[in-house]
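Overview (structure and organization)
Spelled out from the first residue to the last, the chains are:
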Amino acid sequence: MNLARREPRWSVALSVLLALVLQALPLPTWLEAVRPSFVGIVVIYWAIYAPHAGGIFAPWLAGLGLDVFKGDVLGQNALAIVLVAYITMSLHQRLRNQTLIQQSLFVYFMLTLNEAVVWIIEGWTQHSISSPWRWIQPMIGAMLWPFVAMMVGRTHVRT
Amino acid sequence: MAVFGSGGSRSFGGRGPSFGFRFFCYALLCVVLMFYDRKGGWLDTARYGLQAAVYPLQLAVNSPSAAWRWMKESFTTREALQKEVDQLRNELRDQRLMTLRQAALESENATLRGLSTALPEVIEKRLIGEVINVEVSTLRQRLLVNRGGNSGVHKAQPVITGEGVLGQVFRIGPFSSEIILITDSEHALPVQVLRSGVRSIALGTGRATALELPYVPQNYDVKVGDVLVTSGLDGVFPFGLPVARITKVERDPTQPLAQIYAAPLARIEADREVLFIWARPGHPAAPASTEALVVEEPKPAAPAKPVRKPEPQPTPAPAPRETAPAATPGAETTPAPAGRETAPPAEVPTP
């Protein structure tokens, strides 16, 4: 591995910021219910293709931003995202060799894990509501994965 | 094209700490943050600053819809405007008729109470805020409003619209504040039926059109169409602000409590403006001070915090006072706290 390789840090920062904006964009209620975790998808992408660019710090910061934005308990989304990033990073070499469809399945499990962690923490800190939409959002996210991966993939040279 | 900027090579050359270790550190940091955020304290000030940092982003995110509204407003036709003016004129005339005898009634009320002059209005000060973002989902019913600590807004401040109670300030930043609506599933509001004086708690359901009154016994006098007003027992809202109208009363003979639903009077979609209000301290209709309630309660009761934490126990609501029509705490001749002490504060959710 070429250590002097340039890491796509700007792409990471911009795409994460864009994901945050997408996450915060006001939407009609029916669309809101199926909005997947864009931050989760982007974080998984960078964890697979450039695990050293953002490290775990970028996902953590994105999660914290999400907490402030949504008015959740500080650290709730951050913990979930950091967990997702860590698991993805430890499997990134295997995931790189998979097709986009295979990756989609992995993304689905990771986004579900993300939701589950948030749900559990909500249950501890306030009372959580388990709406069925919650568990549909990861499916939508997994469906969007190939498109997001292709789009973000154009911003940097894959190695 | 490799990067947009001079991303540069990794400065920490090679490995650095492993992912596992770093993950552990960040996870620990998250847990510590969560713990202190729940506990409140110094993290509140940090949060205050963070709200300010996020505010520009929130504004930017909401600018498309704001621009769309502006566009729509600037392209309204003359006829539409004329129609609106006519409608407003009619409304104004009706309102004037309604308030025509207000002064006479007020002085009459003062005489009945044995006061020398009529009481001033309970709302001492008000501030108009503009809604930036509306979040209405089953998980959360919140508003983001463009007034914050710099305008004197404080936590747990009542927020109303022209129609009725909207919610209260949940979190503030310097330039913005987050408002929890009464329909949020984490909100509970002590209310009173205007007609019969029955007191209860209105819980949010997570739906914008429904409140639930789960702690009213079967035989209490509540009917469909009754108007609910704030009872002032929560220490947040002044007495007598309209809240909701009863839409459904279900009496199942096998259950001790009736199932009652109400529709909130304040609408958020219609007008993009809300009112922050300050109650006049010492006024009979001002929110009950926590001391007044504690003195009356034999066991030390925590002050009513409408943002409920645990599930409040289904305490029996006070007996309906049919003998005193529209029995109100403010109607007694005694000053504010004493007047309210006649009401058993059993319906205050004790955390």
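Everything here concerns the structure above.
The paragraphs below set out a description of the structure included in this document. It should be emphasised that the depicted structure is a prediction, and the values quoted were computed from it without experimental measurement.

1. Thoughts on the pattern of salt bridges
All told, the structure shown has twelve salt bridges over all chains when counted by the stated rule. Measuring nitrogen to oxygen at the nearest pair gives 2.9 Å for the salt bridge that ties Arg134(A) to Glu115(A). Of this pair, Arg134(A) sits in helix α9 (residues 133-153) while Glu115(A) sits in helix α8 (residues 100-125), and the two are 19 residues apart along the sequence. Taking relative accessible area as the criterion, Arg134(A) reaches 5% and is therefore assigned buried. In this structure, the salt-bridge partner of Arg195(B) is Asp221(B), at a minimum N-O distance of 3.1 Å. Highlighted residues: Arg195(B) in the loop between β6 (188-193) and β7 (199-204) and Asp221(B) in the loop between β8 (211-217) and β9 (227-230), separated in sequence by 26 residues. Here Arg195(B) falls in the partly exposed class, since its relative accessible area comes to 35%.

2. With respect to the pairing of strand β5 (residues 177-181) of chain B
All names here are of chain B. Here β5 lies mainly inside the structure; five of its five residues are buried. Where burial is concerned, the two faces of β5 agree: the one with Ser177, Ile179 and Leu181 and the one with Glu178 and Ile180 are both buried. Bridging between strand β2 (residues 141-145) and β5 involves four bridges; their strand directions are antiparallel. Considered in β5, the bridge of Arg142 is made with Ile180. What sits between the antiparallel neighbours strand β4 (residues 165-172) and β5 is a turn of four residues.

3. Regarding the sheet that holds strand β1 (residues 123-136) of chain B
Residues and elements named next belong to chain B. With respect to topology, six strands assemble into a closed barrel ordered β1-β2-β5-β4-β3-β12, the strand pairing being antiparallel. Each strand of the sheet is rotated relative to its neighbour by a mean of 45°, with strand direction disregarded. Two strands pair when backbone bridges link them, and β4 and β5 are joined in this way by five bridges, in the antiparallel orientation. What sits directly across from Gly167, in β5, is Leu181.

4. Describing the sheet that holds β8(B)
Residues and elements named next belong to chain B. With antiparallel pairing, the six strands of this closed barrel are ordered in space as β6-β7-β8-β11-β10-β9. Within this sheet the neighbouring strands show an average axis-to-axis angle of 40°, counted without direction. Inspection of the sheet shows β6 paired to β9 by three bridges, in the antiparallel sense. Each bridged residue has a counterpart across the sheet, and for Val193 the counterpart in β9 is Leu228.

5. Here we look at a nonpolar patch on the surface
Residues and elements named next belong to chain B. A contiguous nonpolar patch, built from Trp68, Trp70, Met71 and Phe75 and spanning about 550 Å² of accessible area, is present on the exposed surface. Mapping Trp68 onto the fold places it in helix α2 (residues 42-74). Overall, Trp68 belongs to the exposed group, its relative accessible area being 54%.

6. A word on the side chain of Asp37(B)
Structurally, Asp37(B) is set in helix α1 (residues 19-39). Polar side-chain contacts of Asp37(B) include one of 2.8 Å to the backbone nitrogen of Leu74(A). A polar contact is formed between the side chain of Asp37(B) and the side chain of Arg47(B), at a distance of 2.7 Å. Excluding residues that lie within four positions of it along the chain, Asp37(B) makes contacts with Asp72(A), Val73(A), Leu74(A), Leu43(B) and Arg47(B).

7. Some remarks on the nonpolar core
If you look at the biggest cluster of nonpolar residues, it comprises 58 residues, and the most contacted ones within it are Val39(A), Ile44(A), Tyr45(A), Trp46(A), Trp60(A) and Trp145(A). Taken together, the elements giving at least two residues each to this core come down to α1 (9-24), α3 (38-49), α5 (57-70), α6 (76-90), α8 and α9 of chain A together with α1 and α2 of chain B. Counting residues per element, this core draws most heavily on α3(A), which supplies eleven residues. Every residue in contact with Ile44(A), bar those within four places of it in the chain, is listed here: Val84(A), Thr88(A), Phe106(A), Val107(A), Met110(A), Leu111(A) and Trp145(A).

8. Notes on the packing of α6(A) against α1(B)
One way to put it is that α6(A) packs onto α1(B) with a least axis distance of 9 Å and a crossing angle of 170°. It follows from the interaxial angle that α6(A) and α1(B) lie roughly antiparallel. Mapping the contact onto sequence places Gln76(A), Ala78(A), Leu79(A), Val82(A), Leu83(A), Tyr86(A) and Met89(A) in α6(A) and Phe19(B), Gly20(B), Phe23(B), Tyr26(B), Ala27(B), Cys30(B), Val31(B) and Met34(B) in α1(B). Of the residues contributing to the contact of α6(A) with α1(B), the split by class is 13 nonpolar, two polar and no charged.

9. Some thoughts on unusual backbone geometry
Even without glycine at this site, Ala156(B) takes up a positive phi of about 60°. Relative to the elements of secondary structure, Ala156(B) occurs in the loop between β2 and β3 (158-160).

10. Describing the packing of aromatic side chains
Per the stated rule, a full pass over the model turns up eleven aromatic pairs over all chains. On the basis of an interplanar angle of 35° and a centroid distance of 5.5 Å, the ring pair of Trp60(A) and Tyr26(B) is categorised as tilted. Taken together, the positions of Trp60(A) in helix α5 and Tyr26(B) in helix α1 put the pair across two chains. Here the two residues Trp60(A) and Tyr26(B) agree in accessibility, since each one is buried. Ring geometry for Trp119(A) and Trp135(A): centres 5.6 Å apart, planes at 90°, overall edge-to-face. Placement of Trp119(A) in helix α8 and of Trp135(A) in helix α9 is noted, with a sequence separation of 16 residues between them. Each residue in the set Tyr45(A), Trp46(A), Tyr49(A) and Trp145(A) is aromatic and connected to the rest through ring pairs, giving one cluster. Seen from the ring of Trp278(B), Lys125(B) lies directly overhead, with NZ or CZ sitting 4.2 Å from the centre. Over the ring of Phe170(B) we find Arg142(B), and its NZ or CZ is 4.5 Å from the ring centre.

11. Some thoughts on the environment of Glu106(B)
Mapped onto the secondary structure, Glu106(B) falls in helix α4 (residues 102-113). Sequence spacing of Glu106(B) and Ala118(B) is twelve residues, and the spatial spacing of their C-alpha atoms is 5.8 Å.

About the thresholds
Residues numbered from 1 in each chain as written. Chains lettered and ligands numbered in written order. Predicted model: local features only at pLDDT ≥ 70, side-chain atom pairs only at ≥ 80, totals over all residues. Heavy atoms only, no water. Salt bridge = Lys/Arg side-chain N within 4 Å of Asp/Glu carboxyl O. Helix = DSSP H or I, 4+ residues; strand = E, 2+ residues; numbered from the N terminus. Buried < 20%, exposed > 50% of the residue type's maximum accessible area, 1.4 Å probe, protein only. Pairing = 2+ DSSP bridges. Axes fitted to C-alpha atoms, helices over the stretch in contact; angles between N-to-C directions. Patch = residues over 30% accessible without salt bridge, like charges linked within 9 Å, V, L, I, M, F, W, Y side chains within 5 Å. Areas by Shrake-Rupley, 256 points an atom, 1.4 Å probe, with all protein chains shown as cover. Polar contact = N/O pair within 3.5 Å; in protein donor to acceptor, adjacent residues only side chain to side chain. Contact = heavy atoms within 4.5 Å. Core = buried A, V, L, I, M, F, W, Y, C linked by side-chain atoms within 4.5 Å. Parallel < 35°, antiparallel > 145°, perpendicular 65-115°, else oblique. Nonpolar A, V, L, I, M, F, W, Y, C, P; charged D, E, K, R; others polar. Phe/Tyr/Trp six-rings, centres within 6.5 Å; stacked < 30°, edge-to-face > 60°. Lys NZ or Arg CZ within 6 Å of the ring centre and 35° of its normal.

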